[in-house]
Amino acid sequence: MIESKFHTLYGRAPEITAFTPGRVNLLGEHTDYNGGLALPATIGLGIKIAISNRIDSSINISSSTFEGMVALKLDTTASQHWSDYALGAAIKANELALTSGGADILIESNLPHGAGLSSSAALTVGLLKIFRDKAASDITDTQIAQYAKQIENEFIGVPCGIMDQMVIANALSGHAMKLDTDNLEFEHIPLNPEFRMVVIHSGFYRQLSDGRYKIRKKECDEIKEIVNQNDICRMPLEKLEKLKLVDPTLFLRARHCITEHERTQQAAKALKDDNFVEFGQLMNESHQSMKNDFEITLLEIDNLVADAIKLGALGARQTGGGFGGCIVACVEADQVETWTAALLSNHPKAYYVC
Ligand code: ADP
Ligand code: MG
């Protein structure tokens, strides 16, 4: 029980405990910082946080996932340590006057981190919501998402988009979120329980804060400059042709953004129409685009995805920022068990997540 652990650690009961889910992105990868559509859904796994305010400026953070308790102050800066995200959220809550002073924080998680399931947003959104609710503030869930994104962009230094924070802050279980990252409008689409979006970890790990994600963001910023358009996912094809002459790599990156946005539009419609054959096909095309145009997959993950399809998934793709982590596959619900067993027996490093 998180309450009793908190008591053992900090010598008093927590004021609030809350659970925040992780998310899986079904389609629309690297579109969320390019003004395009994304189609994420929250999952059953997530992060539990217990917290009590302090009258001094100490921020004490413990986590079931990481060793040792960290004792920091509100004026500490990020130090490439696991505690950065929780610290960033506590500092942001003070900046927003949702709280004043330090906090004792305990984190318990069954969500793998660095796996493309957005443990970072689960943690920052979860903490900001706790501070908001304790303060009875009228800050909206979408504003919470925007502040959580600021923590990652400005405090941690990861130039991520807003998809993760939006779907987690506005979570509705059993639904996918069709999110327009250009204006933050969204629609919840019910997921048919006859099909499961199964998440399998490849066994290969990455960190979003590593350089490769930043390189893709930089390439997209270059495209924006050249075509003088921020929402490059909605770029007309004539502009795309121009990029081919300037830099063939930028042409490929832009083509991924444009085709991925279009696929996401079609996938949202396929979900509404209960057309899982088409949905699966779009997942497969998305993976190929991430592999060939955006170049963010690993050979081992390409093989895992190919096998997932061969063994009967309607579609499969890498999910999350890339270069490791999880795949998501659309599988008929009554076949999940046999499909998973067959896939894992071919891929000893991979494991079932949810
Ligand atoms: P992802 O969001 O895909 O899981 P990131 O690299 O964006 O991966 O975020 C992972 C970071 O979030 C961890 O390195 C850590 O700083 C923080 N984090 C995630 N889970 C926990 C946890 N259970 N306890 C403490 N910090 C966590
Ligand atoms: Mg993250």
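Residues numbered from 1 in each chain as written. Chains lettered and ligands numbered in written order. Predicted model: local features only at pLDDT ≥ 70, side-chain atom pairs only at ≥ 80, totals over all residues.

Caption draft 1: Expanded view of the nonpolar core. Ranked by internal contacts, the top residues of the largest apolar core, which has 79 residues, are A86, I327 and A329. In terms of residue count, the dominant contributor to this core is strand β2 (residues 37-53) (9 residues). Split by domain, the residues of this core number at least three in each of domain 1 (2-190) and domain 2 (195-352). Setting aside anything within four residues of it in sequence, one finds A86 in contact with I61, I105, I107, L123 and L127. Judged by nonpolar contacts, the second largest core, of 10 residues, contains C220, A254, C257 and I258. (Core = buried A, V, L, I, M, F, W, Y, C linked by C-beta atoms within 7 Å. Buried ≥ 20, exposed ≤ 12 C-beta atoms within 10 Å, placed from the backbone. Helix = DSSP H or I, 4+ residues; strand = E, 2+ residues; numbered from the N terminus. Domains from an automatic or database assignment. Contact = placed C-beta atoms within 7 Å.)

Caption draft 2: Representation of the site of ligand 1 in the model. Around ligand 1, the structure places 23 residues, and the nearest of them are S63, T65, S109, S119 and S120. For the shell around ligand 1, a count of residues per class yields 10 nonpolar, 12 polar and 1 charged. Built from parts of two domains, the shell around ligand 1 gets at least three residues from each of domain 1 (2-190) and domain 2 (195-352). (Near = placed C-beta within 6 Å. Nonpolar A, V, L, I, M, F, W, Y, C, P; charged D, E, K, R; others polar.)

Caption draft 3: Focus on helix α11 (residues 336-346). Those residues of α11 that fall on the buried side of the exposure criterion are W339, T340 and L343. Viewed along the axis of α11, the buried residues span an arc of 95 degrees, placing them on a single side of the element. For α11, the exposed residues lying more than 90 degrees away from the buried face are E337, T338, A341 and S345. Buried residues along α11 sit in contact with β8 (195-201), α10 (299-310), β10 (326-332) and β11 (351-352). (Arc of directions from axis to C-beta.)

Caption draft 4: Main features of the domain arrangement of the chain. When cut into domains, the chain gives domain 1 (2-190) and domain 2 (195-352). For domain 1 versus domain 2, the separation of C-alpha centres amounts to 25 Å. Listed per partner, the contact involves 30 residues of domain 1 and 38 residues of domain 2. Counting residues per element, the ones that place at least two in the side of domain 1 that touches domain 2 are β1 (16-27), β2 and β6 (175-180). The greatest single-element share of the side of domain 1 that touches domain 2, amounting to 5 residues, is contributed by β2. Considered class by class, the residues forming the side of domain 1 that touches domain 2 number 18 nonpolar, 9 polar and 3 charged.

Caption draft 5: Local environment of the sheet that holds strand β9 (residues 315-318). A sheet is described by the order of its strands in space; here 4 strands give the open sequence β9-β10-β8-β11, paired in antiparallel fashion. Strands with a single pairing partner mark the edges of an open sheet, and in this sheet they are β9 and β11. Here β9 runs beside β10; their pairing, made up of 4 bridges, is antiparallel. Note that in β10 the partner of Q318 across the bridge is I327. Against the sheet, α10 touches β9 and β10, its axis set at about 170 degrees to β9. Its contacts with the sheet place α11 against β8, β10 and β11, and it is angled at close to 25 degrees to β8. (Pairing = 2+ DSSP bridges. Axes fitted to C-alpha atoms, helices over the stretch in contact; angles between N-to-C directions.)

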